[in-house]
Amino acid sequence: MFLRNRGYEVVTANNGRDALDMAFEGNFSLIILDENMPGLTGLETLALLKQRLPDTPVIMITKSEEENIMDQAVGSKIADYLIKPVNPNQIQVAIKKHLHSASLVSEQASRTYREEFGALGAAINSASTIDDWYALYQRLVYREMELAQTSTNMDEMLSMQKREANSEFYKWVRRNYEDWLAEDAAGRPLMSPRIFPDVVFPMLDAGEKVFFILIDNFRLDQWYTVRPILSEFFTFDERLYTSILPTATQYARNAIFSGLMPAKIEKMFPELWVDEDSEEGKNLNESPLIATQLERYRRTAKFSYHKINDSAGGEKLLRDFRQLEANDLNVIVLNFIDMLSHARTESKMIRELASTNAAYRSLTESWFRHSATLEIFRRIAEKGYEIVLTTDHGTIRVDNPIKVVGDRNTNTNLRYKLGKNLAYNPKQVYEIKNPSRFGLPSPNVSTTYIFASRDDFFAYPNNYNYYVQYYAGTFQHGGISMEEMLIPLVTMTPR
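This structure is a prediction, so every number in the text was calculated from the model and none was measured.

1. Here we look at the nonpolar core
Here is step 1: Grouped together as the largest cluster of nonpolar side chains are 112 residues, with contacts concentrated most on Tyr177, Phe212, Ile213, Phe257 and Leu389.
Here is step 2: Ignoring anything within four residues of it in the chain, the contact list for Leu389 reads Ile213, Ile215, Phe218, Trp223, Phe377, Pro488, Leu489, Val490 and Met492.

If you want it as structure tokens, here you go:
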């Protein structure tokens, strides 16, 4: 009567056989099952229900507190387990949880975001330190992921707020970036060249065996997506750091592994720096750069370096895992997410599969669960080793392209333009006309680096008319944005 008075249609059976016949003939949203019934037991009935009706939630009610009954019920994918005595309100809560949770979550997420909308807007306008931007970015990502699970239209409002935040972040970076490059700068954020000295080396000095895992092009929302998978094996110390500009691998990742700004890499180790116009791969010298950093900081740690581009590479690393145990430091670069990001541009099928950020995160989770990657993390946890997990840059979807005119020698990189004679609207870009002041190589005296504002972006120069505009909706790396520059940095300790 209690449930009927609250709008539920309820039918009953007093034994397992009748319950099965009714369930198979009817169309029930939820089944409440007593463990102690005449004929078939509750567990026996549950097993038969799950064979025929695997998607129908079943709540078991029992007076038994025996652990083996609980284990069997949970193992049979019971929706909920209530121990007598139970009151009607407990049953109603369980029903709401399994029948109405989606709508309730959607309503609550929308309500919370509406309440927070003004506070987020105020935070965007008042952000004045890197910590302010870190906190704001985390709030926006969290709220985006919450709204992505709902059927409301609030996600469009949030997208507008993110665009506003990126616009203000771009202006703030323009005002402050050069100052950060001074070693004694007040309020200077942790940046790419300091990851090893400030994070990895102290762990090695404490006698820890460390795995440094860099997932190329790994955004904060993607970390939040895989974090629940890893929480079974690790506890986390999470923070953000700030990538240098350009965020491209040749600059940002080489800065991480060398502990130097790009101009110093070129000066101190010219044989390890690859010029823009070289056809040689720009990230082929990462292992030697790590060696130079260890030597420069007088670290005698034995290390290995592995770059994994496909499933075969991950499986080989697992087969050879025992060899890694002899090292103090093992560096692993995982390239799948970066390849996925590029595939979104080059493949119509991948564009369809990753048409939204939520879909992009779903592909990330699927890769993480079903590739050798999860087993690598699990194996590290079993051995009790620490992990530093991070990336060199993030990515965004481009919606507002701009045009840059350059000669045929203009570089073709996806995140910035470098050339001698570039034509562009200076209000739309962050230009660096004196690269040496920004720790960047200067191939000639008239070299200019430019970065797009907000989610604007550039294109490959066309060999026929020397420029081309990116098309709206292209998926690629953006210029100066929170997604691109504010990087997850996670220290993971085995449970």
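2. Remarks on the side chain of Thr62
Here is step 1: By the secondary structure assignment, Thr62 is in strand β2 (residues 58–62).
Here is step 2: When near neighbours in sequence (up to four residues on either side) are disregarded, Thr62 contacts Glu35, Tyr81, Leu82, Ile83 and Lys84.

3. A short note on helix α4 (residues 88–99)
Here is step 1: Between its first and last C-alpha atoms α4 spans 16 Å; for 12 residues at 1.5 Å apiece the expected length is 16 Å, and the two agree.
Here is step 2: For α4, the complete set of buried residues consists of Ile91, Gln92, Ala94 and Ile95. On an axial view of α4, the arc spanned by its buried residues comes to 160°, and they lie on one face.
Here is step 3: Where α4 is buried, its residues contact β1 (31–34), β2 and β3 (80–83).
Here is step 4: Two to three positions downstream of the cap, the backbone nitrogen of Asn89 sits 3.0 Å from a side-chain oxygen, assigning the N-cap of α4 to Asn87.

4. A short note on the sheet that holds strand β8 (residues 386–390)
Here is step 1: Sheet architecture is open: six strands sit in the order β5-β14-β8-β4-β7-β6, paired in mixed fashion. Sheet topology places β5 (234–242) and β6 (303–308) at the edges, where each strand pairs with a single neighbour. Averaged over all adjacent pairs, the angle separating strand axes in this sheet is 15°, with direction ignored.
Here is step 2: In the sheet, β6 pairs with strand β7 (residues 329–334) via six bridges, with the strands oriented parallel. Bridging across to β7, Phe303 finds its partner in Leu329.
Here is step 3: The strands touched by helix α8 (residues 195–205) are β4 (210–215), β5, β7, β8 and β14 (486–494); relative to β4, the strand with the most contacts, the crossing angle is about 150°.

5. Describing the pattern of salt bridges
Here is step 1: A full pass over the atoms with the stated rule returns 24 salt bridges.
Here is step 2: Residue Arg143 pairs with Glu116 through a salt bridge whose shortest N-O separation is 3.0 Å. Taken together, the residues span a long stretch of sequence, with Arg143 in helix α6 (residues 130–148) and Glu116 in helix α5 (residues 101–126) at a distance of 27 residues. Assigned by exposure class, Arg143 and Glu116 land together as buried.

6. Remarks on the environment of Ala47
Here is step 1: For Ala47, the position within the fold is in helix α2 (residues 42–52).
Here is step 2: Spatially, the C-alpha atom of Ala47 lies 9.7 Å from that of Gln72, the residues being 25 residues apart in sequence.

7. Some points on α5
Here is step 1: A rise of 1.5 Å per residue sets the reference length of α5, with its 26 residues, at 38 Å; its end C-alpha atoms lie 36 Å apart and thus fit the reference within 8%.
Here is step 2: Those residues of α5 that sit buried are Ser106, Ala109, Ser110, Tyr113, Glu116, Leu120, Gly121, Ala123 and Ile124.
Here is step 3: Against α6 and α7 (154–180) lie the buried residues of α5.

8. Some thoughts on unusual backbone geometry
Peptide bonds are trans in most cases, and residues, glycine excluded, mostly fall at negative phi.
Here is step 1: The residue after Lys84, namely Pro85, is reached through a cis peptide bond having omega 0°.
Here is step 2: Within the chain, Asn217 stands out as a residue other than glycine whose phi angle is a positive 70°.
Here is step 3: Its location among the elements puts Asn217 in the loop between β4 and α9 (220–230).
Here is step 4: The exposure class assigned to Asn217 is buried, which follows from its relative accessible area of 0%.
Here is step 5: Non-glycine residue Arg298 carries a positive phi angle of around 55°.
Here is step 6: Within the secondary structure, Arg298 is located in the loop between α12 (286–296) and β6.
Here is step 7: Overall, Arg298 belongs to the exposed group, its relative accessible area being 73%.

9. Regarding the packing of aromatic side chains
The geometry of an aromatic ring pair is captured by two quantities: the separation of the ring centres and the angle between the planes.
Here is step 1: According to the stated counting rule, one finds 21 aromatic pairs in the structure shown.
Here is step 2: Taking the centre distance of 5.4 Å and the plane angle of 55° together, the rings of Trp172 and Trp180 count as tilted. Here Trp172 and Trp180 have matching classes, each one buried.
Here is step 3: Here the aromatic rings of Phe196 and Phe212 are separated by 4.8 Å at their centres, their planes lie at 45°, and the arrangement is tilted.

10. What to know about the packing of α9 against helix α17 (residues 357–370)
Here is step 1: Two elements in contact, α9 and α17, have axes whose closest approach is 9 Å; the angle formed by their N-to-C orientations is 35°. Once α9 is placed against α17, the crossing between them reads as right-handed. Across the interface between the two elements, Asp221, Gln222, Thr225, Val226, Ile229 and Leu230 from α9 touch Tyr360, Arg361, Thr364, Glu365, Phe368 and Arg369 from α17.
Here is step 2: Taken together, the residues that form the contact of α9 with α17 break down as five nonpolar, three polar and four charged.

11. Thoughts on the sheet that holds β2
Here is step 1: Reading across the sheet, the three strands line up as β1-β2-β3 and stay open at both edges, with parallel pairing between neighbours. Each edge of the open sheet is held by one strand with a lone partner, namely β1 and β3. Geometrically, the sheet is characterised by an average inter-axis angle of 20° between neighbouring strands, direction not taken into account.
Here is step 2: In this sheet, β3 lies alongside β2 in parallel orientation, the contact comprising four bridges. Looking at β3, one finds that Thr62 is bridged to Ile83.

Thresholds, definitions, all that
- Residues numbered from 1 in each chain as written.
- Predicted model: local features only at pLDDT ≥ 70, side-chain atom pairs only at ≥ 80, totals over all residues.
- Heavy atoms only, no water.
- Core = buried A, V, L, I, M, F, W, Y, C linked by side-chain atoms within 4.5 Å.
- Buried < 20%, exposed > 50% of the residue type's maximum accessible area, 1.4 Å probe, protein only.
- Contact = heavy atoms within 4.5 Å.
- Helix = DSSP H or I, 4+ residues; strand = E, 2+ residues; numbered from the N terminus.
- Expected span 1.5 Å × (residues − 1).
- Arc of directions from axis to C-beta.
- Polar contact = N/O pair within 3.5 Å; in protein donor to acceptor, adjacent residues only side chain to side chain.
- Pairing = 2+ DSSP bridges.
- Axes fitted to C-alpha atoms, helices over the stretch in contact; angles between N-to-C directions.
- Salt bridge = Lys/Arg side-chain N within 4 Å of Asp/Glu carboxyl O.
- Phe/Tyr/Trp six-rings, centres within 6.5 Å; stacked < 30°, edge-to-face > 60°.
- Left-handed = near helix turned anticlockwise from the far one by under 90°.
- Nonpolar A, V, L, I, M, F, W, Y, C, P; charged D, E, K, R; others polar.

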